[in-house]
Amino acid sequence: MNVPFVDLVTQYQGLKDQIVPAMENIMSKAQFIMGEDVRLFEQEFADYCNTEFAIGVDSGTSALELALRAFAIGAGDEVITVANTFIATTLAISSAGAKPVLIDIHPETNNIDVTKIEAAITDRTRAIMPVHLYGQPVDMDAITEIAKKHDLLVIEDACQAHGAQYKGRRAGSLSDAAAFSFYPGKNLGAYGDGGALVTNNAKVAEKLTLLRDYGQKQKYHHLIKGYNRRLDTLQAAVLRAKLPYLDAWNEARRKNAARYSTLLQNNETITPIDADFAESVYHLYVIRVQKRDALLAHLHQKGVGAGIHYPIPIHLQQAYADLGYQKGDFPITEKYADEIISLPMFPELNEEQINYTVEVLKEFAE
Ligand SMILES: *Cc1c(COP(=O)(O)O)cnc(C)c1O
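Keep in mind that this is a model prediction, so the values were computed, not measured.

Colleague: Can you lay out the environment of Arg126 for me, pointing to particular residues and giving the numbers?
Modeller: Note on placement: Arg126 falls in strand β4 (residues 125-128). What makes Arg126 partly exposed here is its relative accessible area of 27%. Distance from Arg126 to Leu153, taken between C-alpha atoms, is 6.3 Å for residues 27 residues apart in sequence. In contact with Arg126, not counting residues within four places along its chain, are Phe71, Ala72, Ile73, Asp77, Glu78, Leu152 and Leu153. Among the polar contacts made by the side chain of Arg126, one reaches the main-chain carbonyl oxygen of Phe71 at a distance of 3.3 Å.

Rendered as structure tokens:
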């Protein structure tokens, strides 16, 4: 048996009759750039997130970077984020010209340890960028309180958390602005790169629409120095076709996660915890084990697609040697980097595939 890590083909087969005509419609009108579907998707995605505005861009990384730029965060500024994340979080901070300041993770949630944030605040700190990693929301009330006390902005990296809820409120609606990625494998994925920034701040939304499109509102009238970071119309059409299914897909992911956790209960495996304030959307289902590398090899050998998210923490990446961090600086992040395995997770994953994956895991433990 083969269990893929993600299966985007099965989902496409079920949606083909909606997606192909939607793309055909755009091609037949040649509305490739800023066509009507971009505007419509922005409206629909803002409604979904419970925010006033959504601005489509070309990736989640761009959404994060342009958010910082819209708030005029750049050279000389510091942005606090977490050591266990995908590199795009910190690359966005660096690209804006600011310096990422890292925090260790909380041992239970795998997310930023909110009790360690205040000690990292300096005169140069401008913002906190929490990451809802694996689809589980960060304890945002704690972050908001710290931000208020120190007059900081909060920008959520919600790139893995489409539809996730914190105390009944959607990820993305919990801060000054939030970034989403529509990379194909994300919970809401396009058929190529894409992203969006959501916010309730009209000024920031306006600035984003300029920044992503050469700084223009009207063609050839450039108000500021902008970029070319637009969301393609074809991708917007794919996202519009998929958005109505997102809640059902997330529900299926949660069900799959619950099945894994039940079956793995009596094993030597540490299964993910749903924090009591959070409803995770399980972009990834991440367990922790001893002898991780041997288990990973065993899973691969038995046809189970598993991965590591992420094997090298940000502060130990060569690209970030200039930050001056050292091994030992974030002990929990480092320990977990050697123990985590992401098991196959996608909405269409079936019982048989989950059972087989767990069987292979248990067989290794014996
Ligand atoms: C995917 C992802 C990003 C970047 O999104 P892209 O669309 O690939 O640029 C940023 N942060 C996190 C946590 C992500 O998972």
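Colleague: Tell me about the packing of helix α2 (residues 36-49) against helix α7 (residues 233-242), residues and numbers included.
Modeller: Taken N-terminus to C-terminus, the directions of α2 and α7 make an angle of 40°; their axes are 8 Å apart at the nearest point. Taken together, α2 and α7 sit at an angle that is classed as oblique. As α2 runs across α7, the sense of the crossing is left-handed. Mapping the contact onto sequence places Asp37, Val38, Leu40, Phe41 and Glu44 in α2 and Thr233, Ala236, Ala237, Leu239 and Arg240 in α7. A per-class count over the contact of α2 with α7 returns 6 nonpolar, 1 polar and 3 charged.

Colleague: Kindly report on the nonpolar core, identifying the contributing residues and their values.
Modeller: Grouped together as the largest cluster of nonpolar side chains are 31 residues, with contacts concentrated most on Ile80, Ile112, Ile117, Ile128, Met140 and Ile143. Secondary-structure elements contributing two or more residues to this core are β2 (78-82), β3 (99-103) and α5 (140-150). Per element, the largest residue contribution to this core is 4 residues, and it comes from α5. For Ile143, the contacting residues outside a window of four places in its chain are Ile112, Val114, Ile117, Ile128, Pro130, Val138 and Val154.

Colleague: Describe in detail the environment of Lys219, supporting the description with residues and values.
Modeller: Examined against the element boundaries, Lys219 turns out to sit in the loop between β10 (216-218) and β11 (221-222). Sequence-wise, Lys219 and Ala75 are 144 residues apart; in three dimensions their C-alpha atoms are separated by 30 Å.

Colleague: Describe in detail the sheet that holds strand β5 (residues 153-157), supporting the description with residues and values.
Modeller: Spatially, β1-β9-β8-β5-β4-β2-β3 is the arrangement adopted by the 7 strands of the open sheet, whose pairing is mixed. The sheet is open, and its two borders are formed by β1 (53-57) and β3, each paired with just one other strand. Averaged over all neighbouring strand pairs, the angle between strand axes comes to 25°, with direction disregarded. As paired strands, β2 and β3 are joined by 5 bridges and run parallel to one another. Residue Thr81 lies in a different strand from β3, and its bridge partner there is Leu102. Running over the sheet, helix α4 (residues 87-95) touches β2, β3 and β5 and is turned about 145° from β3. Where α5 meets the sheet, its contacts fall on β4 and β5, and the angle it forms with β5 comes to roughly 150°.

Colleague: Summarise α4; cite the residues concerned and give the values.
Modeller: Every buried residue of α4 is listed here: Ala88, Thr89, Thr90, Ala92 and Ile93. Positive backbone phi, approximately 100°, marks Gly97, located one or two places after α4.

Colleague: How would you sum up α5? Please name residues and give values.
Modeller: Restricting attention to buried positions, one finds in α5 the residues Met140, Ile143, Ile146 and Ala147. The arc enclosing the buried residues of α5, seen along the axis, measures out at 125°, which places them on a common side. The exposed set on the far side of α5, more than 90 degrees from its buried face, consists of Glu145, Lys148 and Lys149. The inward-facing, buried residues of α5 abut β4, β5 and β6 (165-166). Positive backbone phi, approximately 55°, marks Asp151, located one or two places after α5.

Colleague: Before we move on, could you go through the packing of aromatic side chains and cite the residues and values that matter?
Modeller: We describe a pair of aromatic rings using the distance from one ring centre to the other and the angle between the two ring planes. Evaluation of the coordinates by the stated rule reveals 12 aromatic pairs. Judged by centre distance (6.4 Å) and plane angle (15°), the rings of Phe45 and Tyr48 are stacked. Taken together, the residues span about one helical turn, with Phe45 and Tyr48 both in helix α2 at a distance of 3 residues. Residue classification places Phe45 among the buried residues on the basis of a relative accessible area of 0%. Overall, the relative accessible area of 12% leaves Tyr48 in the buried class. Summarising the aromatic geometry, the rings of Phe45 and Phe182 are spaced 5.3 Å apart at their centres and angled 85° between planes, so their arrangement reads as edge-to-face. Here Phe45, found in helix α2, pairs with Phe182, found in the loop between β8 (177-181) and β9 (195-199); they are 137 residues apart in sequence, far enough to count as distant.

Colleague: Can you explain the domain arrangement of the chain? Please cite residues and give values.
Modeller: A common way to state how big an interface is: give the accessible area lost once the parts meet. According to the domain assignment, the chain contains domain 1 (8-244) and domain 2 (246-365). With 48 residues of domain 1 in contact, the opposing surface of domain 2 contributes 35 residues. In total, about 3,400 Å² of surface goes out of reach between domain 1 and domain 2, with carbon and sulfur atoms giving 59% of it. When residues of domain 1 are sorted by the area they lose upon contact with domain 2, Leu102, Tyr134 and Asn187 head the list and together hold 21% of the total. The tally of links between domain 1 and domain 2 comes to 1 salt bridge. Salt-bridge contacts for Asp247 lead to Arg170; the nearest nitrogen and oxygen are separated by 3.5 Å. At the junction of domain 1 and domain 2, the tally comes to 26 residue pairs in polar contact (both at pLDDT 80 or more). Listing elements by their share of the side of domain 1 that touches domain 2, those giving two or more residues are α1 (8-29), α4, β3 and β6.

Rules used in this analysis
Residues numbered from 1 in each chain as written. Predicted model: local features only at pLDDT ≥ 70, side-chain atom pairs only at ≥ 80, totals over all residues. Heavy atoms only, no water. Helix = DSSP H or I, 4+ residues; strand = E, 2+ residues; numbered from the N terminus. Buried < 20%, exposed > 50% of the residue type's maximum accessible area, 1.4 Å probe, protein only. Contact = heavy atoms within 4.5 Å. Polar contact = N/O pair within 3.5 Å; in protein donor to acceptor, adjacent residues only side chain to side chain. Axes fitted to C-alpha atoms, helices over the stretch in contact; angles between N-to-C directions. Parallel < 35°, antiparallel > 145°, perpendicular 65-115°, else oblique. Left-handed = near helix turned anticlockwise from the far one by under 90°. Nonpolar A, V, L, I, M, F, W, Y, C, P; charged D, E, K, R; others polar. Core = buried A, V, L, I, M, F, W, Y, C linked by side-chain atoms within 4.5 Å. Pairing = 2+ DSSP bridges. Arc of directions from axis to C-beta. Phe/Tyr/Trp six-rings, centres within 6.5 Å; stacked < 30°, edge-to-face > 60°. Domains from an automatic or database assignment. Buried area = accessible area lost by both parts, 1.4 Å probe. Salt bridge = Lys/Arg side-chain N within 4 Å of Asp/Glu carboxyl O.

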